[in-house]
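Descriptive analysis of the structure
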Amino acid sequence: EPQAFLRHDLGLSGTHVGCEQGVCGACTVLFDGAPTRACLTLAVQADGHALTTVEGLAADPKQLHPLQQAFWDAHGLQCGFCTPGMIMTAVDLVHRKGHDLSDQIIREELEGNLCRCTGYQNIVESIAAGAKAMAKSDLT
Ligand code: FES
């Protein structure tokens, strides 16, 4: 499974192993730009394709992507387990629906990402703020 390959072979531990059944969204990565459950994908399927994990959002590891910064600023996480998957889902959401996102759209789009801690309100606020910040950033 790619999340095992990513975490153990490549040392990219940002992609979390959650339910392993495609339900929780914690392992979401971008596969040729589309949000994909790493737990339901074989590593060999990724051969020759572009795979982006949360580590790849900012070129400089000391820099945060605007969505990462927004999660930090708006307290969009508690334990953090769901966070990388939330952020990868949100990146795709901004690519598809733009920078001005209503709470309702964000909540609908997060249906496939489960959070056991936050009650979602701060996540929604983080994504709305991060989406706006992406409009002014080099990081997309
Ligand atoms: Fe803990 Fe979302 S912050 S699962």
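Now for a quick tour of the structure. (Residues numbered from 1 in each chain as written. Predicted model: local features only at pLDDT ≥ 70, side-chain atom pairs only at ≥ 80, totals over all residues. Heavy atoms only, no water.)

Turning next to the overall build of the protein. Within the protein, the secondary structure is distributed over five helices and three strands. Along the protein, helices (α) and strands (β) appear in the sequence α-β-β-β-α-α-α-α when read from the amino end. Its C-alpha radius of gyration of 14 Å places the protein within 12% of the 14 Å reference for a compact globule of 140 residues. Seen through its C-alpha atoms, the protein measures out along the principal axes to roughly 35 × 30 × 25 Å. Going through the 140 residues of the protein one by one, you find that 42% of them count as buried. (Helix = DSSP H or I, 4+ residues; strand = E, 2+ residues; numbered from the N terminus. Rg over C-alpha atoms; globule rule 2.2 N^0.38 Å. Buried < 20%, exposed > 50% of the residue type's maximum accessible area, 1.4 Å probe, protein only.)

Bringing the environment of Leu 30 into the picture now. Mapping Leu 30 onto the fold places it in strand S1 (residues 28–31). For the pair Leu 30 and Asp 92, spaced 62 residues apart in sequence, the C-alpha separation works out to 7.9 Å. With sequence-adjacent residues up to four places away left out, Leu 30 is seen in contact with Pro 35, Ala 50, Leu 51, Thr 52, Met 88, Val 91 and Asp 92. (Contact = heavy atoms within 4.5 Å.)

Below, the discussion takes up the side chain of Thr 118. Tracing the sequence through the fold places Thr 118 in the loop between helix H4 (103–109) and helix H5 (121–135). Polar contacts involving the side chain of Thr 118 include one to the main-chain amide nitrogen of Tyr 120, which spans 2.9 Å. Residue contacts for Thr 118: discarding those within four places in its chain leaves Gly 76, Leu 77, Gln 78 and Ile 123. (Polar contact = N/O pair within 3.5 Å; in protein donor to acceptor, adjacent residues only side chain to side chain.)

For the pair helix H2 (residues 66–73) and helix H3 (residues 83–97), interaxial distance at closest approach is 10 Å and the crossing angle is 130 degrees. One finds that H2 runs oblique with respect to H3. Judged by the twist between their axes, the crossing of H2 over H3 is right-handed. Residues Leu 67, Gln 68 and Phe 71 of H2 form the contact with H3, whose participating residues are Thr 83, Met 86, Ile 87, Ala 90 and Val 91. Among the residues making up the contact of H2 with H3, the classes are represented as six nonpolar, two polar and no charged. (Axes fitted to C-alpha atoms, helices over the stretch in contact; angles between N-to-C directions. Parallel < 35°, antiparallel > 145°, perpendicular 65-115°, else oblique. Left-handed = near helix turned anticlockwise from the far one by under 90°. Nonpolar A, V, L, I, M, F, W, Y, C, P; charged D, E, K, R; others polar.)

The subject of this paragraph is the packing of H3 against H5. For any two helices packed against each other, the geometry is given by the interaxial angle and the distance between the axes. Where H3 contacts H5, the two axes come as close as 10 Å, and the packing angle between them is 50 degrees. Between H3 and H5, the angle falls in the class oblique. As H3 packs across H5, the resulting crossing turns out to be right-handed. Counted together, Met 86, Ala 90, Leu 93, Val 94 and His 95 of H3 and Ile 123, Ile 127, Ala 131 and Met 134 of H5 form the full contact between these two elements.

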